[in-house]
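Chain residues, written in single-letter form:
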Amino acid sequence: MIQVTKSPSAPAPLLTRGAKHRQQLETLHERDPDACEKSENTILHSRDGIYNSTSVKDRLRADQHDKCCYCESLFIATSYGDVEHFRPKAGYQQLWEGPLHKPGYYWLAYEWSNLLFSCQRCNQEFKGNYFPLANDAARAKTHHDDIAWEQPLLLHPVFDNPEQHLNFVQDAIGQLDDRGQASIRGYGLDRPELLKSRADHLKGLFYARLVGAFKFDSPLEPREQEFLAELNITIAQGKAIAEDAKQKWRQAAFDNAEYAGMVRANFPHLLHH
Ligand SMILES: [Zn+2]
């Protein structure tokens, strides 16, 4: 995870249809607050056609450089992402696998600052409705309450700097505090296939750093001559490969680079942009 800078203004559908439906949800809640707290109720059902609209998705994806806001995996053509509510809209769990409490943060369903874009694994298989607070008694339970009193344990990719709470030793992730620990569990940041992806990525960077050290300048070193002969490539091709590798290494900690949080923790001297 790294800190993300989101566009300041909300996409239009949130300000028009979203604002209108938020009022309707608040009216529904005023009408019967007790019914909204019942476990099976769907009174405060939000509309995915609004928060999931193309303009919201596209803006989030662009702001997040096409990466999941939690695990930093790049979205590829075959992976779909979810518009994700940091404060869950339909119900919340204070405890991992604990009871689901209703109604959730219905009034934030269309709130730009509450929306992020995440991969389906982080969102659906892990975070879901898990939203623990350090102070559960201060939780905002209706639109009359103020979320400013809450102390969320999960890291927010925009309002927090995850690098201050998470650490990496090579590809192994660890926490620096309680919030880092809750986020590793809540977002599944230590799930096996993610560990493998990060390990492969790190290995690729090691290769890039090594290959990028070759220059293929005249006169060629004996080992450079040997590589060119073995690969059956020209000096120009050798130079292009080495330059490519050098760039890959130089840009590995950029905001748009996959797993930049891991890279930054391991190689603090690399530039961030
Ligand atoms: Zn993810």
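Nothing here was measured: the structure is a model prediction, and the numbers come from that model.

### Regarding the state of the cysteines
Where two cysteines share a covalent bond between their sulfur atoms, that bond is called a disulfide.
Right, on to step 1. By the definition in use, this model includes zero disulfides.
Right, on to step 2. Free cysteine Cys69: the closest other cysteine sulfur is in Cys68, separated by 4.9 Å.

### Here's the deal with the packing of helix α7 (residues 192-211) against helix α9 (residues 235-250)
Right, on to step 1. Contact geometry for α7 and α9: axes closest at 7 Å, N-to-C directions at 130 degrees. For the element pair α7 / α9, the angle class is oblique. Considering how the two elements wind past one another, α7 and α9 form a crossing that is left-handed. Where α7 abuts α9, its residues Gly204, Leu205, Ala208, Arg209 and Val211 lie against Ile241, Ala242, Ala245, Lys246, Lys248 and Trp249.
Right, on to step 2. Looking at the contact of α7 with α9 residue by residue, the class counts come to seven nonpolar, one polar and three charged.

### Quick word on the coordination of the zinc ion
Right, on to step 1. Protein coordination at the zinc ion comes from Cys68 (SG), Cys71 (SG), Cys119 (SG) and Cys122 (SG), with a distance range of 2.3 to 2.4 Å.
Right, on to step 2. Geometry at the zinc ion is tetrahedral, judged from its four donor atoms and the angles of 104 to 117 degrees they form at the metal.
Right, on to step 3. Look at where the donors of the zinc ion fall in the sequence and you get C-x2-C-x47-C-x2-C. Separated by 48 residues along the polypeptide, Cys71 in the loop between α4 (54-63) and β1 (81-85) and Cys119 in strand β2 (residues 115-119) bring together distant segments of the chain.

### A short note on the domain arrangement of the chain
Right, on to step 1. When cut into domains, the chain gives domain 1 (12-187) and domain 2 (192-266).
Right, on to step 2. One C-alpha centre belongs to domain 1, the other to domain 2, and the line joining them spans 37 Å.
Right, on to step 3. Every contact between the two is made by 14 residues of domain 1 and, on the other side, 18 residues of domain 2.
Right, on to step 4. Note on domain 1 versus domain 2: buried area summed over both sides is about 1,400 Å², and carbon and sulfur give 51% of it.
Right, on to step 5. Counting every contact that joins domain 1 to domain 2 gives two salt bridges.
Right, on to step 6. On the surface where domain 1 and domain 2 come into contact, there are ten residue pairs in polar contact (both at pLDDT 80 or more).
Right, on to step 7. Across the side of domain 1 that touches domain 2, the residue classes break down as five nonpolar, four polar and five charged.

### Concerning helix α6 (residues 178-187)
Right, on to step 1. Burial within α6 is extensive, with seven of its ten residues counted as buried.
Right, on to step 2. Turning to α6, its buried residues number three or more, namely Arg179, Gly180, Ala182, Ser183, Ile184, Gly186 and Tyr187.
Right, on to step 3. The N-terminus of α6 is capped by Asp177, whose side-chain oxygen sits 3.2 Å from the backbone nitrogen of Arg179.

### Structural notes on the packing of aromatic side chains
Right, on to step 1. All chains considered together, the criterion is met by 13 aromatic pairs.
Right, on to step 2. Seen in terms of ring centroids, Trp96 and Tyr130 are 4.9 Å apart; in terms of plane orientation they differ by 80 degrees. Their pairing is edge-to-face. In this pair, Trp96 sits in the loop between β1 and β2 while Tyr130 sits in the loop between α5 (120-127) and β3 (166-169), placing the two residues 34 residues apart along the sequence.
Right, on to step 3. The class for Trp96 is partly exposed, based on a relative accessible area of 29%.
Right, on to step 4. Exposure remark for Tyr130: the relative accessible area of 3% places this residue in the buried category.
Right, on to step 5. Above the plane of the ring of Trp112 lies Arg59, whose end atom (NZ or CZ) is 5.8 Å from the centre.
Right, on to step 6. Seen from the ring of Tyr105, Arg87 lies directly overhead, with NZ or CZ sitting 5.9 Å from the centre.

What counts, and at which threshold
Residues numbered from 1 in each chain as written. Predicted model: local features only at pLDDT ≥ 70, side-chain atom pairs only at ≥ 80, totals over all residues. Heavy atoms only, no water. Disulfide = S-S within 2.5 Å. Axes fitted to C-alpha atoms, helices over the stretch in contact; angles between N-to-C directions. Helix = DSSP H or I, 4+ residues; strand = E, 2+ residues; numbered from the N terminus. Parallel < 35°, antiparallel > 145°, perpendicular 65-115°, else oblique. Left-handed = near helix turned anticlockwise from the far one by under 90°. Contact = heavy atoms within 4.5 Å. Nonpolar A, V, L, I, M, F, W, Y, C, P; charged D, E, K, R; others polar. Donors = N, O, S within 2.8 Å, 3.2 Å for Na, K, Ca; no water. Tetrahedral: all angles 85-135°; square planar, octahedral: opposite > 155°, others 65-115°. Domains from an automatic or database assignment. Buried area = accessible area lost by both parts, 1.4 Å probe. Salt bridge = Lys/Arg side-chain N within 4 Å of Asp/Glu carboxyl O. Polar contact = N/O pair within 3.5 Å; in protein donor to acceptor, adjacent residues only side chain to side chain. Buried < 20%, exposed > 50% of the residue type's maximum accessible area, 1.4 Å probe, protein only. Phe/Tyr/Trp six-rings, centres within 6.5 Å; stacked < 30°, edge-to-face > 60°. Lys NZ or Arg CZ within 6 Å of the ring centre and 35° of its normal.

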